Amino acid sequence: QKKHGIKLKIKKVLKHNDVVLCDDCGEKFDLINRKKKRMYEKHMAKHQVEKASCNCKVDFATKVEKSIHMKVVHDSYIKCDRCSEVFKTTEGLERHQYIHESIPCSKCGVIYNGQLKLRAHMLRAHDEIECICEICSKVLKNNVFLTKHKREKHEVKACK
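Remarks on the packing of aromatic side chains
Then, number 1: Applying the stated criterion across every chain yields a total of one aromatic pair.
Then, number 2: Residues Phe29 and Tyr40 carry aromatic rings whose centres are separated by 5.2 Å and whose planes lie at 65 degrees to one another, so their mutual orientation is edge-to-face. In this pair, Phe29 is assigned in strand β5 (residues 28–30) and Tyr40 in helix α1 (residues 34–51), connecting sequence segments eleven residues apart. The same class applies to Phe29 as to Tyr40, namely buried.

Right, here's the structure in full:
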């Protein structure tokens, strides 16, 4: 809202729908589930970084650079030395480090970044377990392909 050319900051919480308006930009957030609440928290953290100042006398080219600086230098976060990710704990950083490992597939030689991506590839491409569609009796490589087949051919919705 504007009144006499001045943008008014509005904070309004509606108890029925859990709708919140951002104080800084007026963006509306429906806090209907954890994912939406997390998006709102990240949005608010972004504004905190934008407003934050320090005595380091550093010019930042991007908001991301400033965000990383504020977290690492002023909030004791730990930065990954191979990318721009930051972590509150060393355990978080150690779990993250695995995505930087280059691991070749033992069956086809394709290289994946991290054990998680390699494991997903192995299940998709090399899993020996066959699954049979109970609707049309088609034999598929694994459960991932069976679920996709049912969704596309039989319009069966996946379980949540």
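There is more to say after this.
Overview of the pattern of salt bridges
Then, number 1: According to the stated counting rule, one finds two salt bridges in the structure shown.
Then, number 2: For the salt bridge of Glu134 with Lys150, the shortest nitrogen-to-oxygen distance reads 2.6 Å. One end of the pair, Glu134, is in the loop between β10 (131–132) and β11 (139–140); the other, Lys150, is in helix α5 (residues 143–153), and 16 residues separate them in sequence.

Quick word on helix α3 (residues 90–97)
Then, number 1: Every buried residue of α3 is accounted for by Gly92, Leu93 and His96. The arc that holds every buried residue of α3, seen down its axis, measures 100 degrees, which confines them to one face. Counted as exposed and oriented over 90 degrees from the buried face of α3: Glu94 and Arg95.
Then, number 2: Contacts made by the buried residues of α3 are with β6 (78–79) and β7 (86–87).

Thresholds applied
- Within each chain, residues carry numbers counting from 1 in the order of the written sequence.
- A pLDDT threshold of at least 70 governs which residues receive local features in this predicted model, and a stricter bar of 80 or more applies before side-chain atom pairs are shown or counted, although totals over entire chains, interfaces and linings include all residues.
- Neither water nor hydrogens contribute to the side-chain values; these are computed over all heavy atoms in the structure.
- The aromatic pairing rule takes the rings of Phe, Tyr and Trp, using the six-membered ring of Trp, and pairs them if the centres are within 6.5 Å, calling planes under 30 degrees apart stacked, those over 60 edge-to-face and the rest tilted.
- Only DSSP runs of H or I with at least four residues qualify as helices, and only runs of E with at least two residues qualify as strands; both kinds are numbered from the N terminus onward.
- Burial status follows relative accessibility: with a 1.4 Å probe on protein chains alone, a residue under 20% of its type maximum counts as buried, one over 50% as exposed, and anything between as partly exposed.
- The working definition used for a salt bridge is a side-chain nitrogen of Lys or Arg within 4 Å of a carboxyl oxygen of Asp or Glu.
- As used here, the arc belongs to the directions running from the helix axis to the C-beta atoms.
- In what follows, a contact means two residues having at least one pair of non-hydrogen atoms within 4.5 Å.

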